[in-house]
Amino acid sequence: KEYTNKITKSLYELGSVFKTFTVALALDEEVLNTDSLISNISKVFKCSIHEIKDIHEFPKEMTVEDILIQSSNVGALKIARKIGKEKYQTFLKDLNLLDTLKFELDEVATPLKVDWKNACKLETVSFGHGIMTTPLQAAAAYGTIANGGYIVKPTLKLKTSIDLNKKQIISHSTSKKMNKLLRKVVTDKKGTASLANIFGYEVGGKTGTAQNYQKKKENIN
């Protein structure tokens, strides 16, 4: 374990890191906007035989922006339901989060297969639970969200030419909106990442928490 390249070979359940993808797709599909209101946000949400909970009690009505900034699980799943399972699954595949990454190392993990037929799978994946991928794939997906929507393919090789046929999976305007939201996660007084707001850099991003399955009372952040 100590010698494993955790960035390419270890799989993590990244938690609320995935809420960024949920919101980005909702904005790009024009299902919602940043100021759209999501109502009936309860602390505990019943989905099939499962209970989905928020760590904190949030207002009953929140904007899409606040759901991401304050990190509401229930808010995220309600957004995902408006998008639909097929579009969400396709989007994660386009972001290269579901398949083995093509990379110049042999030490690359294959993300665990997601069974989309399972009850509540869309709902839990919307806030990053029940799905595992590598940190490198997550970083590349965030690069795609932030750079105008063009797919990022990680490489160890220095590229000397510009690829004019880059695949774009979200629009420039969606990317611009997401950058503003990810910045607010750090700067907003209710944002979850204020510790990252350091002088000299305009940091943007998203916190994520997952359960430690070996020690049920602990989380991995």
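This report concerns the structure included in the present document.

About the criteria used
- Residues numbered from 1 in each chain as written.
- Predicted model: local features only at pLDDT ≥ 70, side-chain atom pairs only at ≥ 80, totals over all residues.
- Heavy atoms only, no water.
- Axes fitted to C-alpha atoms, helices over the stretch in contact; angles between N-to-C directions.
- Helix = DSSP H or I, 4+ residues; strand = E, 2+ residues; numbered from the N terminus.
- Left-handed = near helix turned anticlockwise from the far one by under 90°.
- Contact = heavy atoms within 4.5 Å.
- Pairing = 2+ DSSP bridges.
- Disulfide = S-S within 2.5 Å.
- Buried < 20%, exposed > 50% of the residue type's maximum accessible area, 1.4 Å probe, protein only.

**Topic: the packing of helix H2 (residues 19-28) against helix H8 (residues 172-187)**
Part 1 of the reasoning: Put simply, H2 and H8 touch, their axes get as near as 10 Å, and they point 145° apart. For the pair H2 and H8, the sense of crossing is right-handed. Across from Thr20, Val23, Ala24, Leu27 and Asp28 in H2, the residues of H8 making contact are Thr174, Lys177, Met178, Leu181 and Leu182.

**Some words on the pairing of strand S3 (residues 50-53)**
Along a regular strand, successive side chains alternate from one face of the sheet to the other.
Part 1 of the reasoning: Sheet analysis places strand S2 (residues 44-47) next to S3, joined by 4 bridges and oriented antiparallel. Residue pairing in the sheet places Val44 in a bridge with Lys53 of S3.
Part 2 of the reasoning: Counting the residues that bridge the hairpin from S2 to S3 gives 2 residues, and of these Ser48 lies at a positive phi of roughly 55°.

**Here we look at the state of the cysteines**
Part 1 of the reasoning: Considering all chains together, one arrives at 1 disulfide under this definition.
Part 2 of the reasoning: Paired through a disulfide, Cys47 and Cys120 show a sulfur-sulfur distance of 2.1 Å. Note on the Cys47 and Cys120 pair: the S-S dihedral is about -115°, so by sign convention the disulfide is left-handed. Within this pair, whereas Cys47 is found in strand S2, its partner Cys120 is found in the loop between helix H5 (85-94) and helix H6 (121-125), the two being separated by 73 residues in sequence.
Part 3 of the reasoning: Take Cys120: its relative accessible area is 9%, and that puts it in the buried class.

Nothing here speaks to function; it is geometry throughout.
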